[in-house]
Amino acid sequence: MIIHNLSQQNSVLNTFISEMRHVKIQKDSMRFRRNIERIGEVLGYEMSKILTYKSSKIDTPLGSCQINLMENDIVLCSILRAGIPLHNGLLNYFDTAENAFISAYRHHKHHIETFEIIVEYLACPKLENKTLILADPMLATGQSMVATFEALKPFGTPKNIHLVSVIGAEPGINYVNEHFPKNTHLWIATIDKTLNNESYIIPGLGDAGDLAFGKKLQK
Ligand SMILES: O=P(O)(O)OC[C@H]1O[C@H](OP(=O)(O)OP(=O)(O)O)[C@H](O)[C@@H]1O
Ligand SMILES: O=c1cc[nH]c(=O)[nH]1
Ligand SMILES: [Mg+2]
């Protein structure tokens, strides 16, 4: 896996991430969602630099010119719920992308330390030979990303895969690395070292889905 960790360079992303992490500022859910969306825009822009382009002729009112335009083969897939604002940010830049949505949540059977990932809802176009962008702001154990990848397999084999995330934990990134093809790219705003015993990223930011959309009752 090729990891693009944007925190290795100072940029405006630091401001967006610091607001998402900040115990008081993060309580403003509109700002929290908008920061995820803004990070989606920045990561999308960075990713766009390595996508495939072809030359097109554009006619202006006064003449014509050649310009390289992105190939129109992107499927943007996001993991509900917290993926929604990241999806919006990416879609702001990839105007003509096809879209897929999948639900994945942690189901705790007996105690808080153990869970399985439940995938229930999936809407997806054909993926064969396309560029798949898989978006989820939190990459903790990596199990949601891997369960999603498994669920998408019947829709075809993408020619390229780009994972997009805001905060990842090292153990989860290693897990994803073991389960996705070698040429997969990971575009990530920042990476934290570890997880706690409930598999939350430390220091992380808490529960991204709850911060964006409100607390949910555990099933
Ligand atoms: O890497 P993992 O250990 O799988 O954890 C990451 C998952 O946890 C969060 O979703 P959550 O299950 O909280 O659902 P939500 O978006 O509905 O809050 C997040 O958006 C990821 O999907
Ligand atoms: O730290 C974490 C881990 C999983 N999901 C979250 O929202 N936060
Ligand atoms: Mg959540």
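Residues numbered from 1 in each chain as written. Chains lettered and ligands numbered in written order. Predicted model: local features only at pLDDT ≥ 70, side-chain atom pairs only at ≥ 80, totals over all residues. Heavy atoms only, no water.

Can you walk me through the site of ligand 2 in this structure?
Close to ligand 2 lie Arg-106, Met-138, Ala-140, Ser-199, Tyr-200, Ile-201, Gly-206, Asp-207 and Ala-208, which account for all nearby residues. At 2.8 Å from an oxygen atom of ligand 2 is found a main-chain nitrogen or oxygen belonging to Ile-201. Calculation on ligand 2 without its partners gives an accessible area of 240 Å², and the protein chains cover 88% of this total. Of the residues contributing to the shell around ligand 2, the split by class is 5 nonpolar, 2 polar and 2 charged. (Near = heavy atom within 4 Å. Polar contact = N/O pair within 3.5 Å; in protein donor to acceptor, adjacent residues only side chain to side chain. Areas by Shrake-Rupley, 256 points an atom, 1.4 Å probe, with all protein chains shown as cover. Nonpolar A, V, L, I, M, F, W, Y, C, P; charged D, E, K, R; others polar.)

Explain a nonpolar patch on the surface to me, please; I cannot follow it from the model alone.
There is a patch of nonpolar side chains on the surface, built from Ile-58, Ile-67 and Leu-69 and spanning about 220 Å² of accessible area. Positionally, Ile-67 belongs in strand β3 (residues 64–70). Take Ile-67: its relative accessible area is 41%, and that puts it in the partly exposed class. (Patch = residues over 30% accessible without salt bridge, like charges linked within 9 Å, V, L, I, M, F, W, Y side chains within 5 Å. Salt bridge = Lys/Arg side-chain N within 4 Å of Asp/Glu carboxyl O. Helix = DSSP H or I, 4+ residues; strand = E, 2+ residues; numbered from the N terminus. Buried < 20%, exposed > 50% of the residue type's maximum accessible area, 1.4 Å probe, protein only.)

Would you mind showing me how to read the layout of surface pockets here?
Which parts of space are left empty comes out when a probe the size of a water molecule is rolled across the atoms. Space inside the largest pocket adds up to approximately 820 Å³. Lining the largest pocket are 37 residues, and of these Ala-104, Tyr-105, Arg-106, Asp-207 and Lys-216 sit closest to its centre. When residues of the lining of the largest pocket are traced back to their parent elements, those giving at least two are β4 (74–80), β5 (98–107), β8 (138–139), α4 (143–152) and α6 (208–213). Partitioning the lining of the largest pocket into residue classes produces 17 nonpolar, 13 polar and 7 charged. In this structure, the second largest pocket encloses a volume near 200 Å³. Taken together, Tyr-53, Leu-69, Met-70, Glu-71, Asn-72, Asp-73, Ile-74, Tyr-93, Phe-94, Asp-95, Thr-96 and Ala-97 make up the full set of residues lining the second largest pocket. Tallied by class, the residues present in the lining of the second largest pocket amount to 7 nonpolar, 2 polar and 3 charged. (1 Å grid on protein atoms, 1.4 Å probe; cavity = no way out; pocket = protein on both sides within 12 Å on 5 of 7 lines; lining within 4 Å. Points joined across faces, edges and corners; volume = space filled by probe spheres on them.)

Can you help me understand the pattern of salt bridges in this one?
In a structure, side chains of opposite charge can pair up when their charged atoms sit close to one another. Enumeration over the complete set of coordinates arrives at 14 salt bridges. Among the salt bridges present, the one from Lys-57 reaches Asp-59, with a minimum N-O distance of 3.1 Å. Overall, the relative accessible area of 53% leaves Lys-57 in the exposed class. Judged by its relative accessible area of 54%, Asp-59 is exposed.

Just to check I follow, could you spell out the nonpolar core for this structure?
Nonpolar side chains in soluble globular proteins generally cluster together in the buried interior. Counting 33 residues, the largest nonpolar core has Ile-39 and Val-164 as its most contacted members. Broken down by secondary-structure element, the contributors of at least two residues to this core are α1 (13–21), α2 (29–48), β4, α3 (83–93), β7 (131–135), β9 (160–169), β10 (185–192) and α6. For this core, the element with the highest residue contribution is α2, accounting for 5 residues. Filtering out sequence-adjacent residues up to four positions away, Ile-39 remains in contact with Leu-13, Phe-16, Ile-17, Met-20, Val-166 and Ala-189. Core analysis: the second largest hydrophobic core is formed by 25 residues, Met-1, Val-75, Cys-77 and Ile-79 among them. (Core = buried A, V, L, I, M, F, W, Y, C linked by side-chain atoms within 4.5 Å. Contact = heavy atoms within 4.5 Å.)

Whenever I open this one, α3 confuses me. Can you help?
All of the buried residues along α3 are Gly-83, Pro-85, Leu-86, His-87, Gly-89 and Leu-90. Summarising the contacts, the buried residues of α3 are in contact with α2, β4, β5, β7, β9 and α6.

Honestly, the site of ligand 1 in this entry has me stumped. Any pointers?
Neighbouring ligand 1 are 17 residues; Arg-106, Asp-136, Thr-141, Gly-142 and Ser-144 lie closest to it. Between Arg-81 and ligand 1, the recorded distance is 2.9 Å, taken from a side-chain N or O atom to an oxygen atom. A distance of 2.5 Å separates an oxygen atom of ligand 1 from a polar atom in the side chain of Asp-136. Within the complex, 94% of the 500 Å² of free accessible area of ligand 1 lies under protein. With respect to the detected pockets, ligand 1 is housed in the largest pocket. Contributing elements (two or more residues each) for the shell around ligand 1: β5, β8 and α4. Residue composition of the shell around ligand 1, by class: 7 nonpolar, 5 polar and 5 charged. (Sits in = over half its atoms within 2 Å of the grid points.)

Would you take a moment to explain the pairing of β7 for this structure?
The side chains of a regular strand alternate between the sheet's two faces. With 5 of its 5 residues buried, β7 lies for the most part within the structure. With burial as the criterion, each face of β7 is covered, one bearing Thr-131, Ile-133 and Ala-135 and the other bearing Leu-132 and Leu-134. Sheet analysis places β4 next to β7, joined by 5 bridges and oriented parallel. Looking at β7, one finds that Ser-78 is bridged to Ala-135. Judged from the 5 bridges that link them, β7 and β9 form a sheet pairing that is parallel. Opposite Leu-134, over in β9, you have Leu-163 as the bridge partner. (Pairing = 2+ DSSP bridges.)

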